[in-house]
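Structural overview
Listed below, chain by chain, are the residues.
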Amino acid sequence: QVQLVESGGGLVQAGGSLRLSCAASGSIFSINAMGWYRQAPGKQRELVATITNGGRTSSADYVKGRFTISRDNAKNTVYLQMNSLEPEDTAVYYCNMMASTLLVRVPLSYWGQGTQVTVSS
């Protein structure tokens, strides 16, 4: 099994910054893609940004130029640097990883528990 633990959420004023982290642990064999998603109250979960194990990134239009995803493969950790935050960015942020374990060598999707980000105007 793989466990994902997120940290770094909180309350910030509009225009401020936060850095989210998500560390994976367990009997990990390899991790392919990593990503961040978010879900605002009353809305569906949506993709924020992804990064491949080769470092190629992709992000939603509404965060381009403001959010940056990165990863540290040695630490099995993915980050999301969020700058110029807006009240519309308020949501629970979830990390996701496609990981295979020592027992199951097929990549499966794993989710973190979510971390609240609240941006005040």
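Here the structure is shown first, and the text comes after it.
The structure displayed is predicted, hence computed values, not measured ones. The residue numbers shown here count from 1 along each chain, following its written sequence. With the structure being a predicted model, the display of local features is reserved for residues of pLDDT at least 70 and the display and counting of side-chain atom pairs for 80 or more, all residues being used for whole-chain, interface and lining totals. Where side-chain values are given, they derive from all heavy atoms of the structure, hydrogens and water being excluded.

**Describing the pattern of salt bridges**
The rule for a salt bridge is simple: a side-chain nitrogen of Lys or Arg has to be within 4 Å of a carboxyl oxygen of Asp or Glu. Under the counting rule described, the total for this entry stands at four salt bridges. With a closest N to O distance of 2.7 Å, Asp89 and Arg66 form a salt bridge. Taken together, the positions of Asp89 in the loop between β8 (77-82) and β9 (91-101) and Arg66 in the loop between β6 (57-59) and β7 (67-72) put the pair 23 residues apart, joining distant regions of the chain. Summary of the burial criterion: residues with accessible area below 20% of their type's maximum are buried, those above 50% are exposed, and those between are partly exposed, where the area comes from a 1.4 Å probe applied to protein chains only. Overall, Arg66 belongs to the buried group, its relative accessible area being 12%. Connected via shared salt-bridge partners are Arg38, Glu46, Arg66 and Asp89. Think of it this way: any DSSP run of H or I at least four residues long counts as a helix, any run of E at least two long counts as a strand, and we number them from the N terminus.

**Digging into the state of the cysteines**
Put simply, a disulfide is two cysteine sulfurs that come within 2.5 Å. Summed over all chains, the structure comprises one disulfide. Residue pairing for Cys22: its cysteine sulfur links by disulfide to Cys95, the two sulfurs lying 1.9 Å apart. Of this pair, Cys22 sits in strand β3 (residues 18-26) while Cys95 sits in strand β9, placing them 73 residues apart in sequence. In terms of burial, Cys22 and Cys95 fall into one category: buried.

**Quick word on the pairing of β9**
Taken residue by residue, a regular strand's side chains alternate between the two faces of the sheet. Along β9, ten of the eleven residues are buried, which leaves the element largely enclosed by surrounding structure. Strand direction decides the pairing type here: strand β4 (residues 28-39) and β9, joined by nine bridges, are antiparallel. Counterpart to Ser30 in the pairing with β9 is Ser100. Two strands pair if DSSP finds at least two bridges between them. Where β9 and strand β11 (residues 115-120) come together, three bridges link them in antiparallel fashion. Its bridge partner lying in β11, Ala91 is registered against Val117. Pairing between β9 and strand β10 (residues 108-111): four bridges, direction antiparallel. Across the sheet, residue Ala99 finds its bridge partner in β10, namely Leu108. A loop of six residues connects β9 with β10, the two strands running antiparallel in sequence.

**As for unusual backbone geometry**
In the Ramachandran plot, Asn76 falls in the positive-phi region, its phi being about 50° despite a non-glycine side chain. In this fold, Asn76 is placed in the loop between β7 and β8. Classification of Asn76 by relative accessible area gives partly exposed; the value is 22%. With phi around 50°, Ser84 is a residue other than glycine that occupies positive phi space. By the secondary structure assignment, Ser84 is in the loop between β8 and β9.

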